[in-house]
Amino acid sequence: QVQLVESGGGLVQAGGSLRLSCAASGLTFSTVGMGWFRQAPGKERELVAAISRSGSTTYYRDSVKGRFTISRDNAKNTVYLRLNSLKPEDTAVYYCAASVLGRVVDTNLRYDYWGQGTHVTVSS
């Protein structure tokens, strides 16, 4: 059974930082591409960042470029998202997802496995 479990969310002030972690089990982690998504109340789920199976290729949506960093440690079966310089508009539930395509994937239709999410709340 494939499981993706996010952790590290919480309540922070604007300008603060968090590191989200996603621990994977039940799959060959080094073969899957990974993505971080977020969903705010009343809004569509959106891709925040993605990373290829080896970590050689990354993608960030424009609104988080220069502030967020995605990374992975295949030896630990874990993908991370470092969130710096947080803004109130970053408030959302953050989800990690895995794609068997292995490469950076820009549509949620091609992600095969999803975690349950972790809440990030940024106060002003």
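The present account deals with the structure reproduced in this document. Note that this is a predicted model, so its numbers are computed, not measured. (Residues numbered from 1 in each chain as written. Predicted model: local features only at pLDDT ≥ 70, side-chain atom pairs only at ≥ 80, totals over all residues. Heavy atoms only, no water.)

### Some details on the overall build of the protein
As a reminder, the rule being used: Going along the chain from the N terminus, every DSSP run of H or I of four or more residues is numbered as a helix, and every run of E of two or more is numbered as a strand. Restricting the calculation to C-alpha atoms gives the radius of gyration, and the globule rule supplies 2.2 Å times the number of residues raised to the power 0.38. In what follows, a contact means two residues having at least one pair of non-hydrogen atoms within 4.5 Å. In these tables, accessible area is a Shrake-Rupley quantity obtained with a 1.4 Å probe, and a residue counts as shielded only by the protein chains included in the view. The convention is simple: Lys and Arg are positive, Asp and Glu are negative, and His and the chain ends are not counted. Every charge is mapped to an atom, namely NZ of Lys, CZ of Arg, CG of Asp or CD of Glu.
Each helix and strand in the protein was counted, giving zero helices and 11 strands. The secondary structure elements of the protein, listed N-terminal to C-terminal, are β-β-β-β-β-β-β-β-β-β-β. For the protein, whose C-alpha radius of gyration is 13 Å, the value lies close to the compact-globule estimate of 14 Å for 124 residues. Each principal axis of the C-alpha atoms in the protein carries an extent, and together these give about 40 × 30 × 25 Å. Of the contacts made within the protein by residues no fewer than 6 positions apart, 58% connect residues no fewer than 24 positions apart. A total accessible area of about 6,400 Å² is found for the protein, and carbon and sulfur atoms account for 44% of it. Each charge class in the protein can be summarised by its mean position, and for the 14 positive and 9 negative side chains these summaries are 4 Å apart.

### Let's talk about the environment of Lys 76
Looking at the secondary structure, you find Lys 76 in the loop between strand 7 (68-73) and strand 8 (78-83). It is 7.9 Å that separates the C-alpha atoms of Lys 76 and Ala 23, two residues lying 53 residues apart in sequence.

### Brief notes about the nonpolar core
To be explicit about the condition: Note on terminology: a nonpolar core comprises buried Ala, Val, Leu, Ile, Met, Phe, Trp, Tyr and Cys residues joined through side-chain atoms within 4.5 Å. For each residue, the accessible area found with a 1.4 Å probe, counting protein chains only, is set against the maximum for its type, and the residue is called buried under 20%, exposed over 50%, and partly exposed in between.
If you look at the biggest cluster of nonpolar residues, it comprises 29 residues, and the most contacted ones within it are Met 34, Trp 36, Phe 68, Ile 70, Val 79, Leu 81 and Tyr 94. Contributing elements (two or more residues each) for this core: strand 3 (18-25), strand 4 (33-39), strand 5 (46-51), strand 7, strand 8, strand 9 (92-99) and strand 11 (118-123). Apart from residues no more than four positions distant in its own chain, Leu 81 is found in contact with Leu 18, Arg 19, Leu 20, Trp 36, Val 48, Ala 49, Phe 68, Thr 69, Ile 70 and Tyr 94. Counting six residues, the second largest nonpolar core, distinct from the first, contains Phe 37, Leu 47, Ala 50 and Tyr 111.

### Considerations on the sheet that holds strand 7
In a beta sheet, neighbouring strands are held together by backbone hydrogen bonds and run either parallel or antiparallel to one another. Applied cut-off: Think of it this way: DSSP has to see at least two bridges between two strands before they count as a pair. For helices, the fitted line uses only the C-alpha atoms of the stretch in contact; every axis is such a line through C-alpha atoms, and the angle between N-to-C directions lies from 0 to 180 degrees.
Ordered by their spatial adjacency, four strands build an open sheet running 1-3-8-7, and the pairing between neighbours is antiparallel. A single partner strand is all that each edge strand has here, and the edge strands are strand 1 (3-7) and strand 7. Strand-to-strand, the axes of this sheet are offset by a mean angle of 15°, without reference to chain direction. Sheet topology places strand 1 next to strand 3; five bridges connect them, and they run antiparallel.

### Structural notes on the packing of aromatic side chains
Rules: Centres within 6.5 Å are what make two rings of Phe, Tyr or Trp a pair, Trp counting through its six-membered ring; a difference in plane orientation under 30 degrees is then read as stacked, over 60 as edge-to-face, and the rest as tilted.
One pass over the full model with this rule turns up three aromatic pairs. Plain terms: the ring middles of Phe 37 and Tyr 111 are 5.1 Å apart, the flat faces sit at 85° to each other, and that makes the pair edge-to-face. With a gap of 74 residues between them, Phe 37 in strand 4 and Tyr 111 in the loop between strand 9 and strand 10 (113-114) connect regions that are remote in the sequence. Across the pair, Tyr 111 and Phe 37 agree in class, each one buried. Aromatic pair Phe 37 and Trp 114: ring centres 4.8 Å apart, planes at 50°, arrangement tilted. Residue Phe 37 is located in strand 4, and its partner Trp 114 is located in strand 10; the two are separated by 77 residues in the primary sequence. Classification of Trp 114 as partly exposed rests on a relative accessible area of 28%.

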